[in-house]
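The residues making up each chain are set out below.
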Amino acid sequence: MIHVIVGTTTTRNEKNYLPTTTIRSILEDNTVDYATANIMLDGASLQPGDMDKTLADMNITEKCMLIAVVKAANA
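Because the structure is predicted, anything quoted here is derived from the model rather than measured.

Each value, and the rule that gives it
- Residues numbered from 1 in each chain as written.
- Predicted model: local features only at pLDDT ≥ 70, side-chain atom pairs only at ≥ 80, totals over all residues.
- Heavy atoms only, no water.
- Helix = DSSP H or I, 4+ residues; strand = E, 2+ residues; numbered from the N terminus.
- Rg over C-alpha atoms; globule rule 2.2 N^0.38 Å.
- Buried < 20%, exposed > 50% of the residue type's maximum accessible area, 1.4 Å probe, protein only.
- Contact = heavy atoms within 4.5 Å.
- Core = buried A, V, L, I, M, F, W, Y, C linked by side-chain atoms within 4.5 Å.
- Salt bridge = Lys/Arg side-chain N within 4 Å of Asp/Glu carboxyl O.
- Polar contact = N/O pair within 3.5 Å; in protein donor to acceptor, adjacent residues only side chain to side chain.
- Pairing = 2+ DSSP bridges.

## A word on the overall build of the chain
- Helices and strands together make up the secondary structure of the chain, namely one helix and five strands.
- Taken against the 2.2 N^0.38 rule, which gives 11 Å for 75 residues, the C-alpha radius of gyration of the chain at 12 Å falls within 12% of a compact globule.
- If you line up the chain on its principal axes, its C-alpha atoms span 45 × 25 × 20 Å.
- Considering the chain as a whole, with its 75 residues, one finds that 36% of them fall into the buried category.
- Residue pairs at least 24 apart in sequence account for 60% of intrachain contacts in the chain once pairs closer than 6 positions are excluded.

## A look at the nonpolar core
- Among the nonpolar cores identified, the biggest contains 19 residues, and Val4, Ile23, Leu55 and Leu66 are the most heavily contacted of them.
- Secondary structure elements with two or more residues in this core: β1 (2–8), α1 (23–29), β3 (37–41) and β5 (63–70).

## Topic: the pattern of salt bridges
- Under the criterion given, the structure shown has three salt bridges.
- Two residues, lysine 15 and aspartate 29, come together in a salt bridge whose shortest N-O distance is 3.3 Å. Here the residue lysine 15 occupies a position in strand β2 (residues 12–17), and aspartate 29 occupies one in helix α1, the gap between them amounting to 14 residues.
- Relative accessible area serves as the criterion here: at 32%, lysine 15 is assigned to the partly exposed category.
- We note a salt bridge from arginine 24 to aspartate 52, for which the minimum N-O separation is 2.7 Å. Remark: aspartate 52 occurs in the loop between β4 (44–45) and β5 and arginine 24 occurs in helix α1; sequence separation between them is 28 residues.

## Some thoughts on the side chain of threonine 54
- Inspection of the secondary structure puts threonine 54 in the loop between β4 and β5.
- A distance of 3.0 Å separates a polar side-chain atom of threonine 54 from the backbone nitrogen of aspartate 57.
- Not counting residues within four places of it along the chain, the set of residues in contact with threonine 54 comprises Pro19, Thr20, Thr21 and Thr22.

## A short note on the sheet that holds β2
- Strand order in the open sheet made by the five strands is β2-β1-β5-β3-β4, with mixed pairing throughout. At either margin of the open sheet sits one strand with a lone partner, and together these are β2 and β4.

## Regarding the pairing of β5
- Relative to β5, β1 runs parallel, the two sharing six bridges. Among the inter-strand pairings, valine 6 is bridged to a residue of β5, identified as leucine 66.
- Sheet topology places β3 next to β5; five bridges connect them, and they run antiparallel. Each bridged residue has a counterpart across the sheet, and for methionine 40 the counterpart in β5 is isoleucine 67.

Structure (structure tokens):
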């Protein structure tokens, strides 16, 4: 099991997931809206196509932080 801290810049949850769990399913499991956010995995922005990669595909073996940073609209 991999310990994942997941959430937004204001709220976070901690859960354990199998290495075969995808980034998208972790975000959906925690009701994180990723459509209007920049997704960061351990401080690095995810690239197109990374959402459906597993934790193992992303070389995560023990723990990680998965945060959605909401994009601010221009005023």
